[in-house]
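Understanding the architecture of this molecule
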Amino acid sequence: MASDAMAPITLRAPKIISELSRQRLAAARWFLLPMLAALSVVAGWPLLRSIYFSFTDASLTDLYGAEFIGFGNYLRWTTLASGKTIYRGLLVDSAWWNAVWNTLRFAFWSVSFEAVLGMIVALVLNAEFRGRGIVRAAILIPWAIPTIVSAKIWAWMLNDQFGILNDLGLRLGLLSQKVAWTASADTAMQAVLIVDIWKTTPFMALLILAGLQMVPKDIYEAAELDGVHPVKQFFAITLPLVRPALMVAIIFRLLDALRIFDLIYVLTPNSAATKTMSVLARENLFDFDKFAYGSAMSTLLFLIIAVLTILYIWLGQVRFDGGDR
Amino acid sequence: MASIELRNIRKSFGVVEVIKGVDLEVRKGEFMVFVGPSGCGKSTLLRLISGLEDITSGDMLFDGKVVNALAPSKRGIAMVFQSYALYPHMTVYDNMAFGLTLEKGHHKDEIRQRVEKAAEMLQITPYLDRLPKQLSGGQRQRVAIGRAITRDPKVFLFDEPLSNLDAALRVATRIEIAKLHEEMDNVTMIYVTHDQVEAMTLADRICVLRDGVIEQVGTPMELYETPNSVFVAGFIGSPKMNFIGGERAEQLGAHTVGVRGEHLTIVPENGTWSGKVIHTENLGADSYVYLEMGTEEPVVVRLDGANNYRSGDVVQISPMMDKIHRFDAAGRPSA
């Protein structure tokens, strides 16, 4: 026995998998199976179909008679007799790039505001005060209301004739005349942003709050003994420690914001100032009967989101295993 | 270097009064240990001294100056927490230097010197670039102590610093803390523990607390030799002091008689009391014999070396009469 223990440890020792580990692995596979099956049916297959359709000339009236046309929906060109080349397709479509720009602008501003406001709300909710439980539940209300409903509520509040915002603004002297918030190209994006920030900040706050509660309390006591100013405390201690939770929260929101559809569709229908990639893709797919073209948009949308997400994870060094603790 | 004076200190959390009027003076350079069972208020008292909790009433004086409302960072204290409370995202070096970098007037080189000196004292120099999570419990606790040393405090507070360590490390770290006290003989140290061995081995003076009031303050030997209550007598010393009541005590002129296991001898005949052996423990250097003799808890006799008594044996014992403690019905010593 003793000689066994003395045997030199070899680096390439055979990997021993115990009965228990094997059972666990098997169980894990069985638990994963339904999810993978569901995902491949509701996400994988439609994704592949969309990508396929984007390379065809499919239309709503003749989906199955679609013929393969290569990259024609993305970019094609004809050279005229005069020697002038005319480019067509998604990659040179100004409406598409306008939608891309709108989406990126919307995602950047909404996620930025939500992160900052969510952090502030989370810090408040993390403090101990009477009735904290009720406040925590109440703050979720905007998030719980279906987007269609909250979009309609806000549409009325922002209404140029009967809206309460215009009324309040006029009475308080903040506005000199009524503003068509959702219809005017100058304010439509702001209107959408306001509603989205109102709606999603609670979600952000709760995710950050979960991260805040992971920070041990005694660290703050040590900081107090070290004489760390509260502002410094936030930037030197709180922020680095909630960063993992914050980064994950931001990525959730970023994914959501990049494919925003419902709020814009209801609040500012048909406004070039707010039309996003999803809205434009749907319009082409169904309203304009350019099914293949819409599919190409969907495919590009998918690629753009994928690239942005990978960039974010890579640059932000996001870790999904709960950070460095 | 600071002396600390507590004058009728009280602390309530809501309607619950945790500290019920404490008067205490901690002398300059002294190692004072607060000891008591859980819930006695010893940690709360330490937090009141640190300023992490506000006192409800009374006065707290550092060097004769009232500090009731002074922020913790301005009291010249450093504290070592039971849970270490290291900043998890900072290296050992940054953990130790953080407090100094915030104070004005410290040059970078000076900070580095002070951190390195403290690290050397505690033998954590090789770990300065590591994160706390890469260290063992004992190493983390030494970093926490190092962080406190670096701040060059006048008062050093320890809140059960050894509780999260295993037995061997606890002894080793205890010795290090004792050495630290010798090296930093101008720093006042206050140490909270529920472990009377730590209290006995480290303290210049011990303050025994019970239910938010001071039961007794004195040197370890004073508490061991002349406890002024049944509670202190039972709390200080290991194994626990035996208490014998009823008729046996009355014969010796007391309501309760306390006698330590090491002050009992097993005699062949004519013993003062007799009892049946129910259990023995051999620790090598000494051994304990547990006797059933109708008292609330079995009576422990401590013998040098091993013993051969078996359960069921009936033995006679005699206390050393000059070492017994007589207590009255209120649990106070009777003369």
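Residues numbered from 1 in each chain as written. Chains lettered and ligands numbered in written order. Predicted model: local features only at pLDDT ≥ 70, side-chain atom pairs only at ≥ 80, totals over all residues.

**What about the overall build of chain B?**
The helix and strand tally for chain B stands at nine helices and 18 strands. Taking the principal axes of its C-alpha atoms as reference, chain B extends roughly 75 × 45 × 35 Å. The 335 residues of chain B split such that 39% are buried. Restricting to contacts in chain B with at least 6 residues of sequence separation, those with at least 24 account for 62%. (Helix = DSSP H or I, 4+ residues; strand = E, 2+ residues; numbered from the N terminus. Buried ≥ 20, exposed ≤ 12 C-beta atoms within 10 Å, placed from the backbone. Contact = placed C-beta atoms within 7 Å.)

**With respect to the interface of chain B and chain A**
Each partner contributes to the interface: chain B provides 18 residues, whereas chain A provides 15 residues. For the side of chain B that touches chain A, the secondary structure elements donating two or more residues are strand 6 (77-80) and helix 2 (92-102) of chain B. Classifying every residue of the side of chain B that touches chain A gives eleven nonpolar, five polar and two charged. (Nonpolar A, V, L, I, M, F, W, Y, C, P; charged D, E, K, R; others polar.)

**Structural notes on the pairing of strand 14 (residues 273-282) of chain B**
As a general feature of sheets, a regular strand has side chains that alternate between the two faces. All names here are of chain B. Sheet analysis places strand 14 next to strand 17 (residues 314-319), joined by four bridges and oriented antiparallel. Bridge pairing links K276 to V314 in strand 17. Across six bridges, the pairing between strand 14 and strand 15 (residues 286-292) is antiparallel. What sits directly across from N282, in strand 15, is S287. What sits between strand 14 and strand 15 in their antiparallel hairpin is a turn of three residues, with G284 showing a positive phi close to 95°. (Pairing = 2+ DSSP bridges.)

**Quick word on the nonpolar core**
Judged by nonpolar contacts, the single largest core of 147 residues is most densely connected at I208(A), M297(A), V33(B), F34(B), A144(B), L157(B) and I190(B). Among the elements that make up this core, the one with the highest residue count is helix 10 (residues 230-258) of chain A (eleven residues). Shared between two domains, this core holds at least three residues of each, these being domain 1 (4-234) and domain 2 (241-327) of chain B. Residues in contact with A144(B), not counting those within four places in the same chain, are V80(B), F81(B), Y84(B), A85(B) and L86(B). (Core = buried A, V, L, I, M, F, W, Y, C linked by C-beta atoms within 7 Å. Domains from an automatic or database assignment.)

**Remarks on the pairing of strand 7 (residues 155-159) of chain B**
Residue and element names in this part refer to chain B. For strand 7, the buried fraction is high: five of the five residues fall into the buried class. Burial along strand 7 is two-sided: the face carrying V155, L157 and D159 and the face carrying F156 and F158 are both buried. The pairing of strand 6 with strand 7 spans four bridges and is classified as parallel. Its bridge partner lying in strand 7, V80 is registered against F158. One ladder, built from five bridges, connects strand 7 with strand 8 (residues 188-193); its direction is parallel. Bridge pairing links V155 to T188 in strand 8.

**Focus: the confidence of the model for chain B**
Atomic detail in the predicted coordinates should be set aside for any region of low pLDDT. All names here are of chain B. In the predicted model, chain B carries a mean pLDDT of 92, and the fraction of residues at 70 or more is 99%. The least confident element of chain B, judged by mean pLDDT, is helix 9 (residues 246-251) at 88; the most confident is strand 3 (residues 31-35) at 96. The ipTM, which scores confidence in the relative placement of chains, is 0.82 for this predicted complex, and the corresponding pTM is 0.78. (pLDDT = per-residue confidence, 0-100.)

**A look at the sheet that holds strand 11 (residues 242-244) of chain B**
Strand-to-strand pairing in sheets goes through backbone hydrogen bonds, with the strands running parallel or antiparallel. Residues and elements named next belong to chain B. Read across the open sheet, the three strands follow the order 11-12-18; overall the sheet is antiparallel. Each edge of the open sheet carries a strand with a single partner, namely strand 11 and strand 18 (325-327). Strand-to-strand twist in this sheet, taken as the mean axis angle between neighbours without regard to direction, amounts to 25°. Pairing geometry for strand 11 and strand 12 (residues 256-259), over three bridges, is antiparallel. For I244, the partnering residue across the bridge sits in strand 12 and is V257. (Axes fitted to C-alpha atoms, helices over the stretch in contact; angles between N-to-C directions.)

**What to know about the confidence of the model for chain A**
Residues and elements named next belong to chain A. Of all residues in chain A, 93% attain a pLDDT of 70 or more, and the chain-wide mean is 88. Here helix 1 (residues 2-6) stands out as the element of chain A with the lowest mean pLDDT, 44, in contrast to helix 3 (residues 94-126), whose mean of 95 is the highest. Throughout residues 1-10 the model reports pLDDT below 50, and contacts reaching past four residues in sequence, or to other chains, amount to zero contacts.

**Quick notes on helix 4 (residues 137-150) of chain B**
Residues and elements named next belong to chain B. Between its first and last C-alpha, helix 4 extends 20 Å over 14 residues, near the 20 Å set by a 1.5 Å rise per residue. Among the 14 residues that make up helix 4, twelve are buried, leaving the element largely enclosed by the rest of the structure. Residues of helix 4 that are buried include every one of Q139, R140, Q141, R142, V143, A144, I145, G146, R147, A148, I149 and T150, and no others. The inward-facing, buried residues of helix 4 abut strand 6, helix 2, helix 3 (108-121), strand 7 and helix 5 (167-183). Of the residues trailing helix 4, D152 is marked for its positive phi of about 50°. (Expected span 1.5 Å × (residues − 1).)

**Notes on the domain arrangement of chain B**
Residues and elements named next belong to chain B. Looking at the assigned domains, one finds that chain B contains domain 1 (4-234) and domain 2 (241-327). Between domain 1 and domain 2, the C-alpha centre-to-centre distance is 38 Å. Listed as interface residues are four residues of domain 1 and, on the opposing side, six residues of domain 2.

**Description of the environment of D54(B)**
All names here are of chain B. Relative to the assigned elements, D54 resides in the loop between helix 1 (42-50) and strand 4 (57-62). Taking the C-beta count within 10 Å as the criterion, D54 has 10 such neighbours and is therefore assigned exposed. In the structure, D54 is positioned 43 residues away from K11 in sequence and 7.9 Å away in space, judged by C-alpha atoms.

**Digging into the packing of helix 3 of chain A against helix 8 (residues 188-214) of chain A**
Residues and elements named next belong to chain A. Taken N-terminus to C-terminus, the directions of helix 3 and helix 8 make an angle of 45°; their axes are 6 Å apart at the nearest point. Viewed along their axes, helix 3 and helix 8 adopt a mutual orientation that is oblique. Judged by the twist between their axes, the crossing of helix 3 over helix 8 is right-handed. Considered class by class, the residues forming the contact of helix 3 with helix 8 number 18 nonpolar, six polar and three charged. (Parallel < 35°, antiparallel > 145°, perpendicular 65-115°, else oblique. Left-handed = near helix turned anticlockwise from the far one by under 90°.)

**Observations regarding the sheet that holds strand 4 of chain B**
Residue and element names in this part refer to chain B. Read across the open sheet, the four strands follow the order 2-1-4-5; overall the sheet is antiparallel. Each edge of the sheet is formed by a strand with only one pairing partner; in this case those strands are strand 2 (16-26) and strand 5 (65-66). When strand 4 meets strand 5, the two strands line up antiparallel, connected through two bridges. Within strand 5, the position partnered with F62 by the bridge is K65. Across the face of the sheet, helix 1 comes into contact with strand 1 (4-13), strand 2 and strand 4 while running at roughly 65° to strand 2.

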